[in-house]
Amino acid sequence: MQNQRLNQSESHAHQSISFSQTLMQRVSITPDDGGCQEWLAAQLSALGFTCHAFEQQGVRNLLATIGNGPQTIAFAGHTDVVPTGPREKWRFDPFAAHIEDNKLYGRGAADMKTGIAAMLGAWHQHIGLQRPIRQRFMWLITSDEEGEAEHGSKAIRQWLDDKRIALDKVIIGEPTAHLRSGDTIKVGRRGAVSAKLILRGKAYHVAYPQQTRNALHQAANVITALQQLPWDQGSADFPGTTLQITYCNSGDFTDNIVPARCELCFNVRYSHHFELAGLQQLIENAISAQTDDYELHWERACEPYFTANSHAGGLIHAAEQAIVKTTGCYPMMSTAGGTSDGRFFAGPHTEVVELGVPNHSIHQINEHVALTDIVTLEDIYTELLANLLS
């Protein structure tokens, strides 16, 4: 089938497919933006948004604002994508945004340029239908979600704090669906933190164990202690906390020498029942109970977040109603998966949900999404805007 700009069955009112292709054809491997935000800012300015862009350590960030009202509602997303991997294994050029058999192929097709395009299409519909804008609405877009995430949404949140702008509700366009757009809403994510632990012992000949302190034996004791920590088991709404050993190395092997050093790495995925500092202290206490000769280095800490479906006027209720009106089906609430930028925006007074296209092909060769899922997401977003802005 010849590549085409729009599927023949596509209504002229839906622009999200063409918007998706425009964004996907801009090469924006993290942390590069590839001109995506400049194009998006021009589109939003034409719709009446006031745009502000800033760069930090090579990362591009865009904020756009429209309307006034008692609540500040935001859409958050990222224009950066992961590397393509071996291009020769792709069916089509990963940056050609090729349409074949009613599917859009390319890097960013699912994660998450189609989410941005669907929200842009929804705003075109909202304004074209002359629907009211009785709240303040913001776009929060970064090019640093797939990378280190140090100068993207984290910096946007700092900018908002400096301006004393409090967010009430945030929709994140990450790919969350299982089979079709709207079947799943992410209402939270577990936190994550990695650690490198260096255990020191004393090397000696294996025939004289009384003269040694085996670093590998210490590692075994530490692993046992860590596995016996009293983690929460989770609930129907949120997975429990887990700790997984990911690496163990005692150096070069010599059959008759006890190792004097062992390096352990582990990763913790933790629920909203823990705060990072308390979690780290619990783990350090378990380690120090086994040995006092060690170094512990924490890496890549990400806080958890969870939005409860607590009231009829809340964000989850609004998203659910938009999905039901658009698809006729109720969505599943989920907190599965890794971390996301939701952690930077969530708070005691800020509701966050993630709602996007299916995620079965993200970060893979031949990443793709069905055209119907892009259109459905645009319609869900259109109904969601009507629910939130009226």
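Up top you'll find the structure we're talking about.
The structure reproduced in this document is the subject of the present report. (Residues numbered from 1 in each chain as written. Predicted model: local features only at pLDDT ≥ 70, side-chain atom pairs only at ≥ 80, totals over all residues. Heavy atoms only, no water.)

**Focus on the sheet that holds strand S5 (residues 103-105)**
Note: strands within a sheet are paired through backbone hydrogen bonds, in either parallel or antiparallel orientation. Note the threshold: Strand pairing is assigned whenever DSSP detects at least two bridges linking the two strands. Each helix is a run of DSSP H or I of at least 4 residues and each strand a run of E of at least 2, with the numbering of both proceeding from the N terminus. Interaxial angle, 0 to 180 degrees, is taken between N-to-C directions of lines fitted to C-alpha atoms, where a helix line uses only the stretch in contact. When checking whether two residues touch, look at their non-hydrogen atoms; a contact exists if any pair is within 4.5 Å.
Taken together, the three strands give an open sheet; going across it, the order is S4-S5-S17, and neighbouring strands pair in antiparallel fashion. The open sheet has two free edges, formed respectively by strand S4 (98-100) and strand S17 (368-370), since each of these has just one partner strand. Direction aside, the axes of adjacent strands within the sheet are offset by 25° on average. The pairing of S5 with S17 spans three bridges and is antiparallel. Counterpart to Leu104 in the pairing with S17 is Val369. Along the sheet face, helix H9 (residues 371-389) touches S4, S5 and S17 and points at about 70° away from the line of S17.

**A closer look at the packing of helix H7 (residues 315-327) against H9**
Helix-helix packing is characterised by the crossing angle of the two axes and by the distance between the axes. To keep things clear, this is the line we draw: Any angle that falls under 35 degrees is termed roughly parallel, while one over 145 is termed roughly antiparallel, one within 65 to 115 roughly perpendicular, and all others oblique. By definition, any crossing whose near helix is turned counterclockwise from its far helix by less than a right angle is left-handed, and any crossing with a clockwise turn is right-handed.
With their axes 8 Å apart at the nearest point, H7 and H9 run at an angle of 130° to one another. With respect to their mutual orientation, H7 and H9 come out oblique. The element H7 and its partner H9 pack so that their crossing is right-handed. Of H9, the residues touching H7 (which contributes Leu315, Ala318, Ala319, Gln321, Ala322, Ile323, Lys325, Thr326 and Thr327) are Thr376, Asp379, Ile380, Glu383, Leu384, Asn387 and Leu388.

**Focus on helix H2 (residues 36-46)**
Selection criterion: Summary of the burial criterion: residues with accessible area below 20% of their type's maximum are buried, those above 50% are exposed, and those between are partly exposed, where the area comes from a 1.4 Å probe applied to protein chains only.
For H2, every residue scored as buried is listed here: Cys36, Gln37, Trp39, Leu40, Ala41 and Leu44. Buried residues along H2 sit in contact with helix H1 (16-24), strand S1 (50-56), strand S2 (59-66), helix H3 (113-128) and strand S6 (136-142). After H2 finishes, the residue Gly48 shows a positive phi value of roughly 105°.

**What about the pairing of S2?**
The element S2 is extensively covered by neighbouring structure, given that six of its eight residues are classed as buried. Bridging between S1 and S2 involves seven bridges; their strand directions are antiparallel. Along S2, the bridge assignment pairs Cys51 with Ala64. The antiparallel hairpin formed by S1 and S2 contains two residues in its connecting segment, where Gln57 sits at a positive phi of about 50°. Direction of pairing for S2 relative to S6: antiparallel, over a ladder of six bridges. Looking across to S6, one finds that Leu63 is bridged to Leu140.

In short, the description is geometric, and any link to function would need to be established separately.
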